[in-house]
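Letter by letter, the chains look like this.
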Amino acid sequence: MTQLTQHQPSERKLLGVAGLAWLFDAMDVGMLSFIIAALAADWKLNEVQMGWIGSISSIGMAVGAFIFGLTADRIGRKNVLILTLLIFSISAGLSALATGLTLFLILRFIIGMGLGGELPVASTLVSESVATERRGRIVVLLESFWAGGWIIAALISYFIIPPFGWRVALLIGALPAFYAIYLRWNIHDSANYVAKSLKEKPSVLQNIITIWSKKYVRQTVMLWVLWFCVVFSYYGMFLWLPGVVALKGFSMVKSFGYVLIMTIAQLPGYFTAAWLIEKWGRKWVLVVYLLGTAVFAYFFGYATSLAVLLTSGILLSFFNLGAWGALYAYSPEQYPAVVRGTGTGMAAAFGRIGGIFGPLLVGYLLAQKVSIGSIFTIFCISIIVAILAVLFLGRETKNKVLS
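Before going into details, it helps to say that this report is about the structure given with it. (Residues numbered from 1 in each chain as written. Predicted model: local features only at pLDDT ≥ 70, side-chain atom pairs only at ≥ 80, totals over all residues. Heavy atoms only, no water.)

Brief notes about the overall build of the protein chain
Here is step 1 of the chain: When its secondary structure is counted, the protein chain shows 18 helices and 0 strands.
Here is step 2 of the chain: With respect to the three principal axes, the spread of C-alpha positions in the protein chain is 60 × 45 × 40 Å.
Here is step 3 of the chain: Across the 403 residues that make up the protein chain, the buried fraction comes to 62%.
Here is step 4 of the chain: A sequence separation of at least 24 residues applies to 86% of the contacts in the protein chain between residues at least 6 apart.
Here is step 5 of the chain: Of the roughly 14,600 Å² of accessible surface on the protein chain, 71% is carried by carbon and sulfur atoms.
Here is step 6 of the chain: For the protein chain, the centre of its 29 positive side-chain charges and the centre of its 15 negative side-chain charges are spaced 3 Å apart. (Helix = DSSP H or I, 4+ residues; strand = E, 2+ residues; numbered from the N terminus. Buried < 20%, exposed > 50% of the residue type's maximum accessible area, 1.4 Å probe, protein only. Contact = heavy atoms within 4.5 Å. Areas by Shrake-Rupley, 256 points an atom, 1.4 Å probe, with all protein chains shown as cover. Lys, Arg positive; Asp, Glu negative; His and termini not counted. Charge placed at Lys NZ, Arg CZ, Asp CG, Glu CD.)

Structural data, given as C-alpha cells:
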C-alpha cells in the first residue's frame, strides 16, 4: 500500500466507509423496485403511476447530482457526503409513514436528491484519494457495494414484504444509514483537493464554463451521452424487473425470488470488471460490458421460458453492473481536481434525466400494450449509442495521474 499523508485514510478504510454508505443507498433503490410491485397491489396503482414512482426518484437524483456536484467543488467532498446522507436517511424513514401516492412521491424526490448527490461525489473522493495504479480497481470495488445493497434489498423484499408489508421494509432500509453518518466523520478530503482549493476556488459559473471549454468539451459530450444512455436503460429495465417477471406469468413471490438470483450475478460482474480495468483499460471494459448488456437485454425481453429468462437475466445483471463500475471509475478521471465534482456531477445529473424517462416509458408502453420484447429492444439501442460515444469520443485514462 502506498504511503499516504496523515490527512488521508487508508485505502481499505476509505473503501469500507464510502462503500458501506453506497450499500445503504443501493438498498433503498433496490427495495424500491420491489416496493413498486407491492404498492401497485396495495394502492391499486396503474402502470403509469408505477412508472412515476421510479421516475420521481430520478428527477430528485438529477437535481441532487447537479446541485451537490457543484457544491462539492466549493465546500469539499466530505461535507457534501455527510449532508446528502442526512437528506437521504431521514427522508427514507419518513417515506415508510406515507399514506398516499402524492406524499410518497414528494419523499421519493427528496430521497433521490440525497442519492444523486452522494454517488458521484463518493466516487470522486475515492478516485482522488488512492494510488494511480489501483485507482480504477478501487472505484469499481466501491461500486460493487451497490450489488451488496441490492442483494440485501432483494432478501428483505423476499422475506419481509409478503408477510409484513412494504412499510416495515422501508423502516429496516432506513436504519443502517445512520451508522454511515457516524462513519462519515472519519473521512477526509484528499490532500490534492485541499491543496488546490486553498490556492484557487473559481465560482460555480466558471467551473461550468470550464467543463464546456474547448479543452474539455470532447470528454464532457462523451460523458453526458454515456451517462444518459446507461441510466435510461438501467432504470427502465431494473426498476421494472420484478414487475416484468410478474407480467411474464410468474407470481409476485416467485418474481422476487428470480430477481434475487439475477441480482447475485451483479457481484461477479463487478469483480471481473475490477480485475480487468487495470489490464484492458477503462474504454475497453466499458465497451465489452455494455455490449454484453445490450445482447442479454434483448434476450431477456423476448424470453418465454424460465431457463432463458433466468440465464439472460443473470447475464444482464453481470454485464450491466460491471459497466456501471467502469463508468464510475472513468468519469472523475476526465477532469482536474478544481472542476472534478462539477464535471462528474453534471454528467450524472444529465444521466438522471434518462432515469426519469426510462421507467415512465415502460409504464406508458405497457399501458399501450407494447410487447416487453419491443420495450427492451429500445434499451438495447440506447446501450449501443453509449458504446459508440465511448469508442469515438472517449480517451483512455488508465494510469493517468490526476491533477
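A short note on the packing of aromatic side chains
Here is step 1 of the chain: Under the defined criterion, the tally for this structure stands at 25 aromatic pairs.
Here is step 2 of the chain: Between Trp212 and Trp224, the aromatic rings sit 5.0 Å apart at their centres with planes inclined by 80°, giving edge-to-face as the arrangement. Note that Trp212 is positioned in the loop between α10 (204–211) and α11 (217–238) and Trp224 in helix α11, a separation of 12 residues in sequence.
Here is step 3 of the chain: We classify Trp212 as partly exposed; its relative accessible area is 36%.
Here is step 4 of the chain: Ring geometry for Phe296 against Phe299: centres 6.3 Å apart, planes inclined by 45°, an arrangement best described as tilted. Of this pair, Phe296 and Phe299 both sit in helix α15 (residues 282–302), 3 residues apart, which is roughly one turn of that helix.
Here is step 5 of the chain: Chaining the aromatic ring pairs together yields one cluster made of Trp212, Trp224, Phe228, Phe232, Phe300, Phe350, Phe376 and Phe379. (Phe/Tyr/Trp six-rings, centres within 6.5 Å; stacked < 30°, edge-to-face > 60°.)

Things to note about the environment of Gly149
Here is step 1 of the chain: Following the sequence through the fold, Gly149 ends up in helix α5 (residues 135–159).
Here is step 2 of the chain: Relative accessible area serves as the criterion here: at 0%, Gly149 is assigned to the buried category.
Here is step 3 of the chain: Separated by 23 residues in the primary sequence, Gly149 and Val126 have C-alpha atoms spaced 19 Å apart.
Here is step 4 of the chain: For Gly149, the contacting residues outside a window of four places in its chain are Leu23, Ala26 and Met27.

A look at the nonpolar core
General note: in soluble globular proteins, nonpolar side chains tend to be found buried as a group.
Here is step 1 of the chain: Among the nonpolar cores identified, the biggest contains 137 residues, and Phe104, Trp146 and Leu226 are the most heavily contacted of them.
Here is step 2 of the chain: In this structure Phe104 touches Leu32, Ile35, Leu39, Trp43, Ile53, Ser95, Ala98, Trp166 and Leu170, once residues within four positions along its chain are discounted. (Core = buried A, V, L, I, M, F, W, Y, C linked by side-chain atoms within 4.5 Å.)

Observations concerning the environment of Leu23
Here is step 1 of the chain: Turning to its location among the elements, Leu23 is positioned in helix α1 (residues 11–42).
Here is step 2 of the chain: In this structure Leu23 comes out as buried when scored by relative accessible area, which is 13%.
Here is step 3 of the chain: Apart from the residues within four sequence positions on either side, Leu23 is in contact with Phe145, Gly148, Gly149 and Ile152.

Describing the side chain of Ser331
Here is step 1 of the chain: By the element assignment, Ser331 lies in the loop between α16 (306–330) and α17 (337–367).
Here is step 2 of the chain: Side chain to side chain, Ser331 and Trp227 meet in a polar contact 3.0 Å long.
Here is step 3 of the chain: In this view, Ser331 contacts Leu223, Trp227 and Thr344; residues no more than four positions away in its chain are not counted. (Polar contact = N/O pair within 3.5 Å; in protein donor to acceptor, adjacent residues only side chain to side chain.)

Description of the packing of α1 against helix α2 (residues 47–75)
Here is step 1 of the chain: Relative to each other, α1 and α2 sit at 150°, their axes nearing to 9 Å. With respect to their mutual orientation, α1 and α2 come out roughly antiparallel. Both α1 and α2 take part in a crossing whose hand is right-handed. When α1 is examined against α2, the residues Leu32, Ile36, Leu39 and Ala40 are found in contact with a partner set consisting of Met50, Ile53, Gly54 and Ser57.
Here is step 2 of the chain: Here the residues of the contact of α1 with α2 sort into 6 nonpolar, 2 polar and no charged. (Axes fitted to C-alpha atoms, helices over the stretch in contact; angles between N-to-C directions. Parallel < 35°, antiparallel > 145°, perpendicular 65-115°, else oblique. Left-handed = near helix turned anticlockwise from the far one by under 90°. Nonpolar A, V, L, I, M, F, W, Y, C, P; charged D, E, K, R; others polar.)

Things to note about the pattern of salt bridges
Here is step 1 of the chain: Enumeration over the complete set of coordinates arrives at 8 salt bridges.
Here is step 2 of the chain: With a shortest N-O distance of 2.7 Å, Asp28 and Arg108 are connected by a salt bridge. Taken as a pair, Asp28 in helix α1 and Arg108 in helix α4 (residues 101–129) lie far apart in primary sequence, 80 residues in all. There is no split in this pair, since Asp28 and Arg108 are both buried.
Here is step 3 of the chain: By sharing partners, the salt bridges in this structure join Asp73, Arg77, Glu128 and Arg340 into a single network. (Salt bridge = Lys/Arg side-chain N within 4 Å of Asp/Glu carboxyl O.)

Description of a nonpolar patch on the surface
Here is step 1 of the chain: Together, Trp280, Trp284, Val288, Ile384, Leu388, Leu391 and Phe392 make up an exposed nonpolar region whose accessible area comes to about 690 Å².
Here is step 2 of the chain: Where the nonpolar patch is concerned, the elements lending two or more residues are α15 and α18 (372–393).
Here is step 3 of the chain: With 4 residues, α18 is the single largest residue contributor to the nonpolar patch.
Here is step 4 of the chain: With respect to the element layout, Trp284 can be found in helix α15.
Here is step 5 of the chain: Residue classification places Trp284 among the partly exposed residues on the basis of a relative accessible area of 47%. (Patch = residues over 30% accessible without salt bridge, like charges linked within 9 Å, V, L, I, M, F, W, Y side chains within 5 Å.)

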